[in-house]
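Geometric and topological summary
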Number of protein chains: 2
Amino acid sequence: MKPIILITNDDGITAPGIRSLIEAVHDLGEVIVVAPDSPQSGMGHAITIGKPLRLDEVDVFNDLGIKAWQSSGTPVDCVKLAHDVILHRKPNICLSGVNHGSNAAINVIYSGTMSAAMEAAVEGIPSAGFSLLDFNFDADFSVAKEVVREVTQKMLAERMPEHFLLNVNIPKVTKEDFKGTKICRQADAHWSENFIKRKDPRGRDYFWMTGKFVNRDRGMDTDVEALDNGYASIVPVRIDFTDEKLKSWLEKKF
Amino acid sequence: MKPIILITNDDGITAPGIRSLIEAVHDLGEVIVVAPDSPQSGMGHAITIGKPLRLDEVDVFNDLGIKAWQSSGTPVDCVKLAHDVILHRKPNICLSGVNHGSNAAINVIYSGTMSAAMEAAVEGIPSAGFSLLDFNFDADFSVAKEVVREVTQKMLAERMPEHFLLNVNIPKVTKEDFKGTKICRQADAHWSENFIKRKDPRGRDYFWMTGKFVNRDRGMDTDVEALDNGYASIVPVRIDFTDEKLKSWLEKKF
């Protein structure tokens, strides 16, 4: 029997990235798509509690013979709806993306792409999120598609451990300059925010968030370092957030 | 010099929980409050990218002599705004809550309360999120206030390690039945979702998310177990999500 592959994203069902993801794997299993009806970047692990959700079958991927649904909810809502309302069972794996822009290092916590994958992992579905370091709408996804296919084939070939979750980022390079995949740890980085203050036509202040990515990690085994050197980074992600080191410290001091 | 204590939440600046938090610690430092202007439950680590943010000084806590701002943004936005637009420097610690409802176990990933605290920790500010296991608007915060004060005093007394982040949950018990605090690990649990399907007046389907919390962890050292036995749970939380065990597995198999 063919494995069921659930595909979602956070840029919305019409983004080029999700089409690239589907094209890369659609012959590897029975693909179903449940994705937001509009862009959801920066939604983190948001869920929709206080308002109802819409879910409609759409024909966006009919040309590939793929069934697809769009939802008014967040990426996490999409995974929950796919599991509980459409499939009524667990898909074999869940793939999220391909995101337009990096989700390396600390971006994992802001990322709707990774949150969808994380939600699947919490529900016991082996999962991977894919992101290309190129924000452009007409970005070249050819290297990304190779990486997606390679990682998916490996996932389907192995008996994966419980709570299997990967954060895969692909550098903006040509096929010739691409060095392959590398298993990494998450770089210790943060965003140094700068808000731009403006006045609206009524004289009231408002702020736009901008920001600069700051990598304070000099390690050679990080995702940021791998990407800088032309590799696609694969970071395995935990869903148990317990900090064991801090736990020992607290047990002595608290 | 008095330490600067940044306080935020996800239930909104008018929620009783944030007032309890402020009352519990306002004499321990110079308190400033930056919180959402409306409830933000389930917002996870969402940030506001595509639209501008409002930020207005409000007199909600004038009776306690505390300066406060409300923002149209998410809890994470509030921390960023506090740091970059109001204080122009790091507060000494950040406290988030007191949330109305549990953020124990896997709820840490959906929680706006914990995301605000996590954002502060990413920026290098020692931080703690507090949640009371009682959804009622008129919940009794007296035990919660004791726990908040005790944890905050310990934080201010110690030289804390980098990336210090605590997820503190308080059981719904009377002072007499309260057993004290316990340092724990995050229980392995998930939500078993059930969507309720309805038809709108035009005949179109919509869905409400409901759900049942399922604890599949039988360990005696988890936050859920501590709370069930009348303890307040303190779980230290990582911001490096790298799964070292899965990394070793991948290095062999991938």
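Residues numbered from 1 in each chain as written. Chains lettered and ligands numbered in written order. Predicted model: local features only at pLDDT ≥ 70, side-chain atom pairs only at ≥ 80, totals over all residues. Heavy atoms only, no water.

Per an unreviewed UniProt entry, the recorded name for chain A is 5'-nucleotidase SurE, and the organism is Taibaiella lutea. UniProt, in its Function (unreviewed entry) section for chain A, records the words "Nucleotidase that shows phosphatase activity on nucleoside 5'-monophosphates." In the Subcellular location (unreviewed entry) part of its UniProt record, chain A is described as follows: "Cytoplasm". (UniProt positions renumbered as here; feature names shortened; annotations may be inferred.)

1. Description of the interface of chain A and chain B
Taken together, the contacts link 76 residues of chain A with 76 residues of chain B. Of the roughly 7000 Å² buried at the junction of chain A and chain B (both faces included), carbon and sulfur atoms supply 66%. Taken as a group, A:Phe207, A:Phe241 and A:Phe254 account for 11% of the area that chain A buries against chain B, more than any other trio of residues on that side. Where chain A touches chain B, the interface holds six salt bridges. Residue B:Asp200 pairs with A:Arg54 through a salt bridge whose shortest N-O separation is 2.8 Å. For the side of chain A that touches chain B, a count of residues per class yields 42 nonpolar, 10 polar and 24 charged. (Contact = heavy atoms within 4.5 Å. Buried area = accessible area lost by both parts, 1.4 Å probe. Salt bridge = Lys/Arg side-chain N within 4 Å of Asp/Glu carboxyl O. Nonpolar A, V, L, I, M, F, W, Y, C, P; charged D, E, K, R; others polar.)

2. A few points about the sheet that holds strand β4 (residues 67–71) of chain B
Sheet strands line up and pair through hydrogen bonds in the backbone, either parallel or antiparallel. Pairing in this open sheet of nine strands is mixed, and the strands run β3-β4-β2-β1-β5-β6-β7-β13-β8 (chain B) from one edge to the other. The sheet is open, and its two edges are formed by β3 (55–58) and β8 (181–183) of chain B, each paired on a single side. On average, each strand axis in the sheet is inclined to that of its neighbour by 20 degrees, with strand direction left out of account. Here helix α6 (residues 244–253) of chain A sits on the sheet in contact with β7 (165–170), β8 and β13 (232–236) of chain B, set at roughly 130 degrees to β13(B). Helix α3 (residues 112–122) of chain B rests against β1 (4–8), β5 (93–100), β6 (127–132) and β7 of chain B of the sheet, and its axis sits at about 170 degrees to β6(B). (Pairing = 2+ DSSP bridges. Helix = DSSP H or I, 4+ residues; strand = E, 2+ residues; numbered from the N terminus. Axes fitted to C-alpha atoms, helices over the stretch in contact; angles between N-to-C directions.)

3. A word on the nonpolar core
The biggest cluster of nonpolar side chains holds 70 residues, and the ones touching the most others in it are A:Val34 and B:Val34. Once residues lying within four places of it in the same chain are set aside, the contact partners of A:Val34 are A:Leu6, A:Ile7, A:Thr8, A:Leu55, A:Trp69, A:Cys78, A:Ala82 and A:Ile86. (Core = buried A, V, L, I, M, F, W, Y, C linked by side-chain atoms within 4.5 Å. Buried < 20%, exposed > 50% of the residue type's maximum accessible area, 1.4 Å probe, protein only.)

4. A look at the UniProt feature "binding site: a divalent metal cation" (unreviewed entry) in chain A
Residue and element names in this part refer to chain A. UniProt feature "binding site: a divalent metal cation" (unreviewed entry): in the numbering of this structure it lies at Asp-10, Asp-11, Ser-41 and Asn-99. Considering the C-alpha atoms alone, the annotated residues occupy 90 residues of sequence yet fold into one spot, their largest mutual distance being 9.0 Å. Within the secondary structure, Asp-10 sits in the loop between β1 (4–8) and α1 (16–25). Setting aside its immediate chain neighbours within four residues, Asp-10 contacts Ser-38, Pro-39, Gln-40, Ser-41, Gly-42, Pro-75, Asn-99, Gly-112 and Thr-113. Within the secondary structure layout, Asn-99 lies in strand β5 (residues 93–100). Ignoring sequence-local partners within four residues, the contact set of Asn-99 consists of Asp-10, Asp-11, Thr-113, Phe-130, Ser-131 and Leu-132. Within polar-contact distance, the side chain of Asn-99 engages the backbone oxygen of Gly-101 at 2.8 Å. (Polar contact = N/O pair within 3.5 Å; in protein donor to acceptor, adjacent residues only side chain to side chain.)

5. Side note on the relation of the copies chain A and chain B
Aligned on chain B, chain A shows an RMSD of 0.0 Å; the corresponding rotation is 180 degrees and the shift along the axis is 0.0 Å. The transformation relating the two chain copies, once decomposed into turn and shift, fits a two-fold axis. When the interface residues of chain A are mapped onto chain B, 100% of them again fall at the interface, so both copies present the same face. (Least-squares fit on C-alpha atoms with pLDDT ≥ 70 in both.)

6. Here's the deal with the sheet that holds strand β7 (residues 165–170) of chain A
Taking strand neighbours across the sheet as the criterion, the nine strands line up as β3-β4-β2-β1-β5-β6-β7-β13-β8 (chain A) in an open arrangement whose pairing is mixed. The open sheet terminates on both sides in strands that have one partner only, identified here as β3 (55–58) and β8 (181–183) of chain A. Neighbour-to-neighbour, the strand axes of this sheet turn through a mean angle of 20 degrees, independent of strand direction. As defined by bridge partners, β5(A) adjoins strand β6 (residues 127–132) of chain A across five bridges and the pair is classed as parallel. Bridging from a neighbouring strand, A:Asn99 pairs with A:Ser131 of β6(A). The sheet strands contacting α1(A) are β1, β2 (30–36), β5 and β6 of chain A, and the helix crosses β5(A) at an angle near 135 degrees. Contacts between helix α6 (residues 244–253) of chain B and the sheet are confined to β7, β8 and β13 (232–236) of chain A, with β13(A) contributing the most and set at about 130 degrees to the helix.

7. Quick word on the pairing of strand β10 (residues 195–199) of chain B
Residues and elements named next belong to chain B. Here five bridges tie β10 to strand β11 (residues 205–209), and the two strands are oriented antiparallel to one another. Along β11, the bridge assignment pairs Phe-195 with Met-209. Counting the residues in the hairpin turn of β10 and β11 gives five residues, including Gly-203, whose phi is positive at 90 degrees.

8. Some words on the UniProt feature "domain: Survival protein SurE-like phosphatase/nucleotidase" (unreviewed entry) in chain A
The feature "domain: Survival protein SurE-like phosphatase/nucleotidase" (unreviewed entry), as annotated in UniProt, sits at residues 5–192 of chain A in this numbering. Helix makes up 27% of residues 5–192 of chain A and strand 25%, whereas the separation of the span's terminal C-alpha atoms amounts to 37 Å.

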